[in-house]
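Structural overview
Letter by letter, the chains look like this.
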Amino acid sequence: MESANKINTMAESAVSEDEFKKVANKVSFITIVQNILLSVFKLFAGIFAHSNAMISDAIHSASDVFSTIIVIIGVKLASKKSDKEHPYGHERLECVAAIVLSIVLLYTGIKIGSQAVKDIIGGNYQNLQKPGMLALVAAVVSIVTKEIMYWYTRHYAKKIDSSALMADAWHHRSDALSSVGALVGIGGAMMGFPVMDSIASIVIFVFIAKAAYDIFKDAMDKMVDHSCDDETEKEMRDFVLAQKEVLSVDLLHTRIFGNKIYVDVEIGVNGSYTLRHAHEIAEEVHEGIEKNFPKVKHVMVHVNPADAS
């Protein structure tokens, strides 16, 4: 019963290609508008409140605009239908978009971190300007806004199972965390420790680098035919074994292809059956897997003769 409920949940979470594009484009558009407004506000606050940490945070937010454009391109390419040159579809192009996004994110973090290290090594802390209250306000606004955008984007990324959109969600979270670092640094600088503003920029770099690594690792797993998790494979195996006249599951291999799953399964059926009947059983297994596991794009079923006794 529990397995059946899980299968029903998977069926409810499946989305069509049109809905996939529609949701991804809507979320991406909202993200771009939000990031433009927030980055302009933070840049203004950083300049007029004399905070390098807030200027660094503004650059981070501005990079989000570029990253979201990458997501839009990746989703558009990944949703293209199969053709003669690409019979297995284009889903992996979304993973490419996520990898590019992780590289952009890491580059942004390195630029921020390197400048902060230069300021700290320089040692002329007395020449570092004390940030104003506007920078502190901008940090709070950024934390709240980006955390809301993280949960909003994450919700839809899970709904349509988009790795590129999930990467963008984590980009929002890294921005929120970097703003926390900026808040602490700006607050410390305002209390008479100007070097804290530069230290905050290094903290921002650490969060950005961690997010970039997580995005890259997830995308690479999907690029190199990583298998499904053990629970999903067990659900598939149990489902196949529950089919009428299937005596055994001799082999079950899965591989993640973008946001889709490919399945190779070998089943054992009564060796005395005719080829036609064995084929009918294989077709039932094939259609059953695709119907009950909506993320499965293709199934290859091989029939082995088995002893019915």
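Residues numbered from 1 in each chain as written. Predicted model: local features only at pLDDT ≥ 70, side-chain atom pairs only at ≥ 80, totals over all residues. Heavy atoms only, no water.

1. Quick word on the environment of glycine 181
Summarising the element assignment, glycine 181 is placed in helix H6 (residues 163-190). In the structure, glycine 181 is positioned 124 residues away from aspartate 57 in sequence and 9.5 Å away in space, judged by C-alpha atoms. (Helix = DSSP H or I, 4+ residues; strand = E, 2+ residues; numbered from the N terminus.)

2. Quick notes on the packing of helix H5 (residues 133-160) against H6
As a packed pair, H5 and H6 sit with axes 7 Å apart at the nearest point and diverge in direction by 165 degrees. By the criterion of interaxial angle, the relationship of H5 to H6 is roughly antiparallel. Along this stretch, H5 crosses H6, giving a crossing that reads as left-handed. Residues of the contact of H5 with H6, tallied by class, amount to 21 nonpolar, five polar and seven charged. (Axes fitted to C-alpha atoms, helices over the stretch in contact; angles between N-to-C directions. Parallel < 35°, antiparallel > 145°, perpendicular 65-115°, else oblique. Left-handed = near helix turned anticlockwise from the far one by under 90°. Nonpolar A, V, L, I, M, F, W, Y, C, P; charged D, E, K, R; others polar.)

3. Some remarks on the environment of valine 96
Inspection of the secondary structure assignment puts valine 96 in helix H4 (residues 92-122). Using a relative accessible area of 36% as the deciding quantity, one classes valine 96 as partly exposed. The spacing of valine 96 and alanine 164 is 68 residues in sequence and 8.7 Å in space, taken between C-alpha atoms. (Buried < 20%, exposed > 50% of the residue type's maximum accessible area, 1.4 Å probe, protein only.)

4. Some remarks on the sheet that holds strand S2 (residues 260-270)
The sheet built from three strands is open, its strands ordered S1-S2-S3 with mixed pairing. Edge positions in the open sheet fall to strand S1 (248-257) and strand S3 (296-306), since each of these has one partner strand only. Strand-to-strand, the axes of this sheet are offset by a mean angle of 15 degrees, without reference to chain direction. As paired strands, S1 and S2 are joined by nine bridges and run antiparallel to one another. Counted as the bridge partner of isoleucine 256 is isoleucine 261 from S2. With respect to the sheet, helix H9 (residues 275-292) is in contact with S2 and S3, its orientation differing from that of S3 by roughly 150 degrees. (Pairing = 2+ DSSP bridges. Contact = heavy atoms within 4.5 Å.)

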